[in-house]
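# Architecture and fold: a report
So you can see what is in the structure, the chains are spelled out below.
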Amino acid sequence: MTKTISLAIAFLTGIGMILIGARFLIAPETAELGYGIHFNEQGDYSFHYIKGIRDLFSGLLICVFLVSKQTKALAITLLVGTIIPIVDMFIVLGKDYNGITQAIPHISAIFVCFLFGILLLRNKKEQSNGYHGFAKIIQSVDTHNESVIEYAIVPTEKTPWHYHTLFSETFEVLKGTLEVGQNNQVYQLKQGDRVTVMPNEKHYFHNISTADCLVKVTISPGNKNFENALLILKGLAKDGLASASGVPAKLSDLALFVYLNNSRMVGLQKIAEPLFNYIAARAIKNGRLKELELTYCRE
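Residues numbered from 1 in each chain as written. Predicted model: local features only at pLDDT ≥ 70, side-chain atom pairs only at ≥ 80, totals over all residues. Heavy atoms only, no water.

### Concerning the packing of helix α7 (residues 224–238) against helix α8 (residues 251–260)
The criterion, for reference: Orientation is described by axes fitted as lines to C-alpha atoms, over the contacting stretch for helices, and by angles from 0 to 180 degrees between their N-to-C directions. Going along the chain from the N terminus, every DSSP run of H or I of four or more residues is numbered as a helix, and every run of E of two or more is numbered as a strand. Angle categories are assigned with fixed cut-offs, so that under 35 degrees is roughly parallel, over 145 is roughly antiparallel, 65 to 115 is roughly perpendicular, and the rest are oblique. Handedness of a crossing follows from how the near helix is turned relative to the far one, being left-handed for an anticlockwise turn of less than a right angle and right-handed for a clockwise one. Throughout, a contact is declared for two residues whenever any of their heavy atoms are within 4.5 Å. We call Asp, Glu, Lys and Arg charged. Ala, Val, Leu, Ile, Met, Phe, Trp, Tyr, Cys and Pro are nonpolar, and the rest, Gly among them, are polar.
Between α7 and α8, the least distance of the axes is 8 Å, while the angle of their chain directions is 150°. As summarised for this structure, α7 and α8 are arranged roughly antiparallel, according to the angle between their axes. Once α7 is placed against α8, the crossing between them reads as left-handed. Every residue of α8 that contacts α7 at Asn225, Phe226, Ala229, Leu230, Ile232, Leu233 and Leu236 is listed here: Asp253, Phe257 and Leu260. Considering only residue class, the contact of α7 with α8 consists of eight nonpolar, one polar and one charged.

Written out as structure tokens, the structure is:
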């Protein structure tokens, strides 16, 4: 509810900025009085046009972030943008003919930008913490023909296009939404939806939402390395050894993950495949894989 209200207020703020900017372009003298200053411009409205374009751009930027669901960028824009009404307030209060009444619109803008910027940042953080670093083996190849794993895909987490040669992979969304690309199709999966990717079919997944996505993946036939790959990946994320989008911080750990889950690169990425194979082989020889398995794959 808090996020919905914050986004609604941000939307109204963006529309308001667009209208203010348009008024400075269309009716500069009226807009000038609404701002809280007045001077004899002698028909030169250059200042008004400059301010109008500034406000118009600011409003459009806010609306673009809203439409594209860039919540974090929107929150940061609101917080950093607080400097604009702060400076405007001091300009208005610096005029002898003005009092606190004329500064109220600018004070209100400061309050809106700062408060709802903070709320949006906090909301995004709360949404990303629910299942962060979560992975659980539901059914292992040790006792069954298929591997079944539940794990979380955090906001912005994605894989590049790739394919597997050893098994099929079935995604079932248990909570949230997930974008899955398969060959020439892109699916927007929601709770209860599933899609199966066969061996050698190129695919990717991407959490484009602002909330964690919980999925169940079934590997057929089962694959122990794939199970360990997910446990290691999510374990590193839980310990803060991965980026916000879940990518391991160490290149050797990333190379080991690619090796374990039987990922094959496509397109220009194939140029990097020999390097990743070499780094993974070195990491195995140096004992890094054994270290990760002992840390994250023990029952």
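And the narrative resumes.
### Some points on the nonpolar core
Convention followed: The criterion is simple. A nonpolar core is a set of buried Ala, Val, Leu, Ile, Met, Phe, Trp, Tyr and Cys residues joined through side-chain atoms within 4.5 Å. For every residue, the accessible area (1.4 Å probe, protein chains only) is compared with the maximum for its type, and the residue is labelled buried under 20%, exposed over 50%, or partly exposed between those bounds.
Core analysis: the largest hydrophobic core is formed by 37 residues, its most contacted members being Tyr151, Leu178, Val217 and Ile232. Top contributing element to this core by residue count: α7, with seven residues. Ranked by size, the runner-up nonpolar core spans nine residues in total, among them Ala10, Ile62, Ala75 and Cys113.

### Details of unusual backbone geometry
Peptide bonds are, in most cases, trans, and in most cases residues other than glycine have a negative phi. Going from serine 220 to proline 221, the amide bond is cis rather than trans, its omega being -5°. Although it is not a glycine, asparagine 183 adopts a positive phi angle of roughly 55°. Position of asparagine 183 among the secondary structure elements: in the loop between β5 (177–182) and β6 (185–190). On the basis of relative accessible area, asparagine 183 is assigned to the partly exposed category, the value being 31%. Positive phi outside glycine occurs at asparagine 200, with the angle close to 75°.

### Details of the UniProt feature "domain: Cupin type-2" (unreviewed entry) in the protein chain
We apply this condition: UniProt positions are given in the numbering used here, feature names are shortened, and annotations may be inferred rather than shown by experiment.
On the UniProt side, "domain: Cupin type-2" (unreviewed entry) is annotated at positions that read residues 153–215 here. In residues 153–215, the share of helix is 0% and the share of strand is 54%. The end C-alpha atoms are 8 Å apart.

### Comments concerning the side chain of histidine 162
The following threshold applies: N or O atoms within 3.5 Å of each other form a polar contact, as long as, within protein, one can give a hydrogen and the other can take it, and as long as residues adjacent in sequence are counted only when both atoms are side-chain atoms.
Following the sequence through the fold, histidine 162 ends up in strand β3 (residues 162–163). A relative accessible area of 10% places histidine 162 in the buried class. At 2.8 Å, the side chain of histidine 162 and the backbone oxygen of proline 160 are in polar contact. A polar side-chain atom of histidine 162 sits 3.5 Å from a polar atom in the side chain of histidine 164. When near neighbours in sequence (up to four residues on either side) are disregarded, histidine 162 contacts Glu201, Lys202, His203, Tyr204, Ser263, Arg264 and Val266.

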